[in-house]
Amino acid sequence: MSKIPVFIDCDPGADDILALLLACNMPQLDVVGISTLCGNVEGDKTFINAKKTVGVIGKDIPIYRGADSPMFRELITGKNVHGEDGMGGIASEIPTPNINDNSEKAWDAIYREAKAHNGELVLVAVGPMTNVAIALAKYKELPSLLKKIVIMGGSAAYGNVTPSAEFNIYVDPEAAQILFKCGAPIYMLGLDATEKAVLLPEDIEKIGAMTSNQAKFAYAILKNTMDFYIAHGHAGNCMHDPCAVLYIAYPEIFTGKPAGICVETKASITRGKTVCDMYTDIKFGFENAYVMTDVDRDALAEKIIEIIGNY
Ligand code: RIB
Ligand code: CA
């Protein structure tokens, strides 16, 4: 079976790191590039965190730096979840590999890899959509060059950073609007599914019993963010970003439906809300995304433990 070429745009961040650890070790995927941007923490830190993570993975995967601010707004970070360093406080314990910084910007690398893969590239975006939006604005043909865009972001029902909005969309609503209007096939792993995609304490302890460096790194990351999720009423650690990469290889463990989506960019209370036309009588008249609404949690946890156990 030929591997699926994947380019991951992220803001590492604990769950981004787990998504990278999984994607780079799943036999179904070929991660051809990683790009980073500001989001969970500042752009300089997310870039370093991606380098540290690729260093632990031990594969030669190019990393490209992107935006250091949202398109039109001040950066709001997720340090309350991911810590000042974006790794829950352990970044100083993880060596930064001595790899050359790519001078090519994220948006240019996304376009170049899309062209090189002749319509087969899957673009994964698990941070704010700023890099993706800049790529779409700069290269009008990009939507036609991508197989699909799989995002962690948004929600049909509620928010996490506000009652209306999910963090990735909230940070850069204008970028998200550009994404949803671009015409490429979009698959949205929003909170409706990802907040059900919980690794329970017993799942995490199975990873804690593993001995590989990658497993130990994953365990440390999971333990360092568990308290936040438990304190906010979750049964365990929400696997937001891992859902995006797992969807590509295991779509059958997710449930979803097509929907029309628009992003609120003008209001304040509802800033960044992904207005999903899923249950209404009068429809938008278009369906621009496939929105995940549920996940088989047990199957997801089993896959994550299996992949990490195979490091
Ligand atoms: O709302 C969850 C999303 O925001 C995840 O991508 C997490 O890493 C943060 O970026
Ligand atoms: Ca993220």
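Above this text sits the structure in question.
Values in this document were obtained by computation on a predicted structure and should not be read as measured data.

Cut-offs applied
- Residues numbered from 1 in each chain as written.
- Chains lettered and ligands numbered in written order.
- Predicted model: local features only at pLDDT ≥ 70, side-chain atom pairs only at ≥ 80, totals over all residues.
- Heavy atoms only, no water.
- Helix = DSSP H or I, 4+ residues; strand = E, 2+ residues; numbered from the N terminus.
- Buried < 20%, exposed > 50% of the residue type's maximum accessible area, 1.4 Å probe, protein only.
- Contact = heavy atoms within 4.5 Å.
- Phe/Tyr/Trp six-rings, centres within 6.5 Å; stacked < 30°, edge-to-face > 60°.
- Lys NZ or Arg CZ within 6 Å of the ring centre and 35° of its normal.
- Donors = N, O, S within 2.8 Å, 3.2 Å for Na, K, Ca; no water.
- Near = heavy atom within 4 Å.
- Areas by Shrake-Rupley, 256 points an atom, 1.4 Å probe, with all protein chains shown as cover.
- Nonpolar A, V, L, I, M, F, W, Y, C, P; charged D, E, K, R; others polar.
- Salt bridge = Lys/Arg side-chain N within 4 Å of Asp/Glu carboxyl O.
- Axes fitted to C-alpha atoms, helices over the stretch in contact; angles between N-to-C directions.

Visitor: Quick question: what am I supposed to make of the overall build of the chain here?
Guide: Secondary structure summary: the chain contains 13 helices and eleven strands in total. Counting across all 311 residues of the chain, residues that qualify as buried make up 61%. In the chain, once contacts between residues fewer than 6 apart in sequence are set aside, the share between residues at least 24 apart is 82%.

Visitor: Before we go on, may I ask you to explain the side chain of Q214 in this structure?
Guide: Mapping Q214 onto the fold places it in helix 11 (residues 213–231). What Q214 contacts, discounting residues up to four positions off in sequence, is L21, N25, V56, I57 and Y311.

Visitor: Is there a simple way to explain the packing of aromatic side chains in this structure?
Guide: Applying the stated criterion to the full structure yields seven aromatic pairs. On the numbers, 3.8 Å between centres and 0° between planes, the contact of Y111 with Y139 is stacked. Here the residue Y111 occupies a position in helix 4 (residues 106–116), and Y139 occupies one in the loop between helix 5 (130–138) and helix 6 (142–145), the gap between them amounting to 28 residues. Through a chain of ring-to-ring contacts, three or more aromatic side chains come together here, namely Y187, Y247, F254 and Y290. If you follow K148 out to its NZ or CZ, it ends over the ring of Y187, 5.0 Å from the centre. One cation-aromatic arrangement involves R271 over Y170; the distance from NZ or CZ to the ring centre is 4.1 Å.

Visitor: Sorry if this is basic, but what is going on with the coordination of the calcium ion (ligand 2) here?
Guide: In ideal tetrahedral geometry, four donors around a metal make angles of 109.5 degrees, whereas ideal octahedral geometry with six donors gives angles of 90 or 180 degrees. Within the first shell, the calcium ion (ligand 2) binds the protein through D11 (OD), D16 (OD), D16 (OD), V126 (O) and D241 (OD), at distances of 2.2 to 2.7 Å. Binding-site remark: the calcium ion (ligand 2) is held by donors from one chain whose sequence spacing is D-x4-D-x109-V-x114-D. With D16 in helix 1 (residues 14–23) and V126 in the loop between strand 4 (121–125) and helix 5, this residue pair connects regions lying 110 residues apart in the sequence. Residue D16 is classed as buried on the basis of its relative accessible area, which comes to 0%.

Visitor: Explain the site of ligand 1 here, please?
Guide: Inspection of the region around ligand 1 gives 13 residues, with D15, N160, E166, N168 and D241 positioned closest. Here ligand 1, which alone exposes 280 Å², has 96% of that area covered by the protein. Those elements that provide at least two residues to the shell around ligand 1 are helix 1, helix 7 (167–171) and helix 12 (240–249). The residue inventory of the shell around ligand 1, partitioned by class, reads three nonpolar, five polar and five charged.

Visitor: Which parts of the structure should I look at to understand the pattern of salt bridges?
Guide: Close approach of charged atoms allows side chains of opposite charge to pair. Taken as a whole, this structure holds 16 salt bridges when the rule is applied. A salt bridge links D68 to R65; the shortest N-O distance between them is 3.1 Å. The class for D68 is partly exposed, based on a relative accessible area of 44%. Notably, a salt bridge pairs E84 with K79, separated by 2.8 Å at the nearest N-O pair. Looking at K79, the relative accessible area reads 21%, which means it is partly exposed. Because the salt bridges share partners, they merge into one network encompassing E42, K45, K79 and E84.

Visitor: Even after reading the chapter, I still don't get helix 5, so can you show me in this structure?
Guide: The α-helix advances 3.6 residues per turn, and as a result positions three or four apart in sequence lie on the same side. Within helix 5, burial applies to T130, N131, V132, A133, A135 and L136. Packing partners of the buried residues in helix 5 comprise strand 1 (4–10), strand 2 (29–36), helix 4, strand 4, helix 6 and helix 8 (173–180).

Visitor: Help me understand the packing of helix 2 (residues 43–57) against helix 11 in this model?
Guide: When two helices pack together, their arrangement is given by the angle between the helix axes and by the axis-to-axis distance. Where helix 2 contacts helix 11, the two axes come as close as 9 Å, and the packing angle between them is 145°. Touching T53, V56 and I57 of helix 2 are N213, Q214 and F217, all from helix 11. Looking at side-chain class alone, the contact of helix 2 with helix 11 contains three nonpolar, three polar and no charged residues.

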